[in-house]
Structures are given as structure tokens and as C-alpha cells.
Amino acid sequence: MHSKILILGAGLTGLSTAYHLEQRGDTDYLLLEREPEPGGLCASQHRSGFTFDYGGHLLHLHTAYGKKLVKKLLKGNLSRLARQAWIYTGNARVPYPFQANLFALPAQQRQACVDGLLKAAARPARPPKNFEQWCLQAFGRPVYELFMRPYNTKLWGVSPDKLTCDWCGPFVPVPTQQEILQSAQKPPRRQYGYNCYFYYPQQGGCGALVQALARGLKGLKTRMRITRVDLQNKTVRAGGKTISYDRLVNTLPLPAFLRFLKGQPRLTALADQLAYTSVNVYNLALKKPLKLFSWIYFPDQEDPFYRVGLQSGFSPANAPRGTSSLYIEVPAALPRTARTEKRIWKALVQKGIIEEHDEVLFSFWQPLPYAYAVYDRRRSRAVRQALAALAKRGCFCAGRYGKWEYSFMESSLLEGLALAEKLV
């Protein structure tokens, strides 16, 4: 088998690349996916009338083309929703983002955050060496200790002083000093962050977008598990077949892809420098409608999860009438056991999200082996070296996992467009 363009991985980036190639009249490509269905982590699961995504997958559309494309693909099957997000810490329920809603804290903590911010502002500004220093300069130590340190340690699996700060610009809202101080007195007048509003399919979950992209693609091949990539001879071994190519597109997790390489020891060795955190998602279906919210952050160490989202809150079609569904994101260090499930249930009750005697219709675990690329000190150089060397050998990496970065779903769609234009 031979293909002019061979695309590995039919997640959102791979699908977008293939879609935009066909839109430009180029059908000499193959898109390989190891699973029976395309979509990767952007697919949806359907069980007993419920729809579950693989954790929280929401569309944050900030470009004219991104909005136009999604609306074209979903043909009216789309809603725009306002964020209803919170941070539960101790006995406080703080609207998101924490640093812009200090009014919700107890008086003593609120005053400590104000004092800490003023102390930080009085110090000379220096280029931060890590995420911890970035937070301390931007918000002061009390905000860092109450939320930024414990939450990000849970999320990334490492202390913030081991993380760089080159990821946080689009993802961590930074109100002005005056806005933070004012938030200690009263709620802010405006929303902060990239996700104040988001889009979500009315039917079919996040997977509806995947299905719309995949529909009619001529070169999509599923059940094609990749076992070897030979850059020198321009061949890929997948699904028991050897496929030759002219140009290669990788959207698989970069460390996994590097380990598939044949005869490239220096490149393969870079995989050991690319850290990542895994997540176990506990999905829960309840015979009870819950009070509406989008998602809640949990920085406290005693809570086994770091984020809980109301899957049924994104669309009424995600759960039958009179029921609700939650996705609960747990660090992979906690095993997927009945004991962990009891801890989760106890914490959900203690936080007031559910009641002790609520009826569970069913529950199941969804492991996410590659959840987040960890932005430690080794990542930037290793990624730069790997992508440059691969490009010289006719292999282009794209998307959140192919480029080993933290990004939006819209970014994956746009990268597929840009890559298709380049390949054509």
C-alpha cells in the first residue's frame, strides 16, 4: 500500500487534516486509527440513554473560522452556554477564577490574600523561573497556598516549582492588582478567562463533532494499530500491513510515536524526557436531577478528585429526564477500586453535590493514559529537538498530543487546516 500523505491518529487534529485535504481536492491520503471508531479522546460513549465524553470536552471558539467550521459541521446542533464554575476549598465556595473572587473567602483568609498581593506588588518584578514564582508575583503567597499550589499539584502531579510558566498565559486568568483588591469587597463586574462561554452539541455529546468531521472521509481506516515507523524507508507498519508514504503526519502522543521509530536511537531517547500525567475519569449516572453547574475545582488534599463536571448540564440530551450524570476526574495515582469509589462518594456528599441516599443507576471508569503533557524543565528542549528532526525527515507533528502541548479543541481544528494547506 502507498499513500502520498499518511496521517497517524484519527483524533480531532487528524480528522481535521483529512477533512481539509478533501476540501482542497486532495484525496491521496490515508488516515489510520487503531480503535474501531474515530475520535480519540474527543469521541463520546452512549450507555442506557446517557452520553458521556472522555472527561470534560467543551468547545472554546475564539476565531471566525473556528466558529464557521463548527457551525457548518454541526448544522444547528450546537448551543452556546455560560460558564458556571466554582472552587470548593475548606468551607468556602468561591466562583472561578479564585483570584478574582476573594469576596467569597472567610474574612481572615480574604485579608491575608489582600496583604499578600500588596507585598508581592511591592517587590521588584523579575522574570519568573518557574510556575511557583509566576504565581507568587502575580497573586501573592496566600492565593498561591490556598489554591494555585494544591490544585496544580493535583492536576500536574508535580510541585509548581518543577513546572515552567510557558503554558499558563491563555489558561490562568490574570486580573489587574486593582481588580483583585476590589474582588475582596464585592463580586467582579465582568468574567475572566478563555472559557466564560463555551459551545457544546445539543445531541450526541462532543462526539457529534467527530462524526461530522469523519462522515464521508475517503481515506479513513480504523482498527489499524501502529507498531513501527521507518522514517528512512518511509514506511509504517499498521494493522499487519506495511504502508509506504511520501509525507507523514503524526497526531499520536509524541513520546509514544518516538518509541515506534525504527533505527532512530537519538530520537527515541527523547521520549524519556517527555513527562505526562494520567487521569482516571469516574463516570456516574444518578436517578435524580442535580442543581445546574458546569464544573467545580477541588484543591484540598482530602478530596480524591481535582475536578467534577456535570455532564448532563451541558445538554438535556446527555441524560434521560429526571436523571443526571457526573464526570469525576481523579489523579491516576489513586487506583480504580471500590475503595476509591467510596472515597469519591463520601467527598461528593460532604461537599453537598449529592446526598447520601441518592440512587446510582450505574457507574464506570475511563482511564486516560495521556491526559496532560507536563511542562517541566526538560519538555521545551526535547520537543523542539524532536519536532525539528522529524520535520527534516518528512514527518510533521500536529495537535495537542503530536506537538506535546496544552491547547484547545479549536487549536486542533485550526492546525488541521494549516497542515492541509501546507501539504497541498
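Student: Any chance you could explain the packing of helix H1 (residues 12-23) against helix H2 (residues 64-74) here in plain terms?
Tutor: Two quantities define a packed helix pair, namely the angle between the axes and the distance from one axis to the other. Their axes nearest at 14 Å, the elements H1 and H2 cross at an angle of 85 degrees. The angle between the axes of H1 and H2 places the two elements in the roughly perpendicular class. For the pair H1 and H2, the contacting residues are Tyr19, His20 and Gln23 in the first and Tyr65, Leu69, Lys72 and Leu73 in the second. The class makeup of the residues in the contact of H1 with H2 is four nonpolar, two polar and one charged.

Student: Mind showing me how you'd approach the pairing of strand E11 (residues 235-238) here?
Tutor: Looking down a regular strand, the side chains alternate between one sheet face and the other. Here four bridges tie strand E10 (residues 226-230) to E11, and the two strands are oriented antiparallel to one another. Following the sheet pairing, Ile226 is matched in E11 by Ala238. Hairpin connection from E10 to E11: four residues lie between these consecutive antiparallel strands, with Lys234 at a positive phi of about 55 degrees. Pairing of E11 with strand E12 (residues 241-250) involves four bridges; the strand directions are antiparallel. Bridged to Ala238 within E12 is Lys241. What sits between the antiparallel neighbours E11 and E12 is a turn of two residues, in which Gly239 has the positive phi angle 60 degrees.

Student: When you look at helix H7 (residues 207-214) in this model, what are you seeing that I'm missing?
Tutor: Three- or four-residue spacings in an α-helix give side chains the same orientation, since the helix completes a turn every 3.6 residues. Summarising burial for H7: seven of the eight residues are buried, a large majority. Turning to H7, its buried residues are Gly207, Ala208, Leu209, Val210, Ala212, Leu213 and Ala214. In this fold, the buried residues of H7 make contact with H1, strand E3 (44-47), strand E4 (50-53), H2, strand E9 (220-221) and helix H14 (409-423).

Student: Is there a simple way to explain the side chain of Glu405 in this structure?
Tutor: Of note, Glu405 is situated in the loop between helix H13 (399-402) and H14. Lys403 provides the closest opposite charge to the buried, salt-bridge-free Glu405, at an N-O distance of 4.3 Å. The residues contacting Glu405, other than those within four sequence positions of it, are Ala373, Tyr375, Arg379, Gly399, Arg400 and Glu415.

Student: Mind showing me how you'd approach the nonpolar core here?
Tutor: For soluble globular proteins, the rule of thumb is that nonpolar side chains tend to be buried together. In this structure, Phe139 and Trp167 are the most contacted members of the largest nonpolar core, which totals 51 residues. Ranked by the residues each element gives to this core, the list is headed by helix H5 (residues 141-156), at seven residues. Here Phe139 is in contact with Gln99, Leu117, Trp134, Met148, Val172, Pro173, Val174, Pro175 and Ile180, once residues within four sequence places are set aside. The next biggest cluster of nonpolar side chains, apart from the first, holds 35 residues, and it includes Leu61, Leu69, Ala208 and Val249.

Student: When you look at the packing of aromatic side chains in this model, what are you seeing that I'm missing?
Tutor: Aromatic ring pairs are reported here in terms of the distance separating the ring centres and the angle at which the planes meet. Summed over the entire model, instances satisfying the criterion amount to 33 aromatic pairs. Considering the side-chain rings of Phe50 and Phe362, the 5.4 Å spacing of their centres and the 85 degrees angle between planes classify their relative orientation as edge-to-face. Taken together, the residues Phe50 in strand E4 and Phe362 in strand E17 (residues 360-373) connect sequence positions 312 residues apart. On the basis of relative accessibility, which here comes to 3%, the residue Phe50 falls in the buried class. Seen in terms of ring centroids, Phe147 and Tyr151 are 5.4 Å apart; in terms of plane orientation they differ by 15 degrees. Their pairing is stacked. On the criterion of helical spacing, the pair formed by Phe147 and Tyr151 is a turn pair, its members being four residues apart in helix H5. Take Tyr151: its relative accessible area is 6%, and that puts it in the buried class. What links up through ring pairs into an aromatic cluster is the set Phe131, Trp134, Phe139, Trp156, Trp167, Phe171, Tyr194, Tyr372, Tyr375, Tyr406 and Phe408. Over the face of the ring belonging to Tyr197 we find Arg80, whose NZ or CZ atom lies 4.1 Å from the ring centre. The ring of Tyr375 carries the charged tip of Arg379 above its face, separated from the ring centre by 4.0 Å.

Student: Which parts of the structure should I look at to understand the sheet that holds strand E15 (residues 307-310)?
Tutor: Reading across the sheet, the seven strands line up as E7-E6-E14-E15-E16-E13-E17 and stay open at both edges, with mixed pairing between neighbours. The sheet is open, and its two borders are formed by strand E7 (92-95) and E17, each paired with just one other strand. Across the sheet, the mean angle separating the axes of adjacent strands is 20 degrees when strand polarity is ignored. By the bridge criterion, four bridges tie strand E6 (residues 85-89) to E7 in an arrangement that is antiparallel.

Student: Please clarify how the pattern of salt bridges should be interpreted in this entry.
Tutor: Opposite charge on two side chains permits pairing when their charged atoms draw close. Enumeration over the complete set of coordinates arrives at 16 salt bridges. Linking Asp161 and Lys162 is a salt bridge whose minimum nitrogen-to-oxygen distance equals 3.5 Å. Given a relative accessible area of 23%, Asp161 falls into the partly exposed group.

Rules behind the numbers
- Residues numbered from 1 in each chain as written.
- Predicted model: local features only at pLDDT ≥ 70, side-chain atom pairs only at ≥ 80, totals over all residues.
- Heavy atoms only, no water.
- Axes fitted to C-alpha atoms, helices over the stretch in contact; angles between N-to-C directions.
- Helix = DSSP H or I, 4+ residues; strand = E, 2+ residues; numbered from the N terminus.
- Parallel < 35°, antiparallel > 145°, perpendicular 65-115°, else oblique.
- Contact = heavy atoms within 4.5 Å.
- Nonpolar A, V, L, I, M, F, W, Y, C, P; charged D, E, K, R; others polar.
- Pairing = 2+ DSSP bridges.
- Buried < 20%, exposed > 50% of the residue type's maximum accessible area, 1.4 Å probe, protein only.
- Lys, Arg positive; Asp, Glu negative; His and termini not counted.
- Salt bridge = Lys/Arg side-chain N within 4 Å of Asp/Glu carboxyl O.
- Core = buried A, V, L, I, M, F, W, Y, C linked by side-chain atoms within 4.5 Å.
- Phe/Tyr/Trp six-rings, centres within 6.5 Å; stacked < 30°, edge-to-face > 60°.
- Lys NZ or Arg CZ within 6 Å of the ring centre and 35° of its normal.

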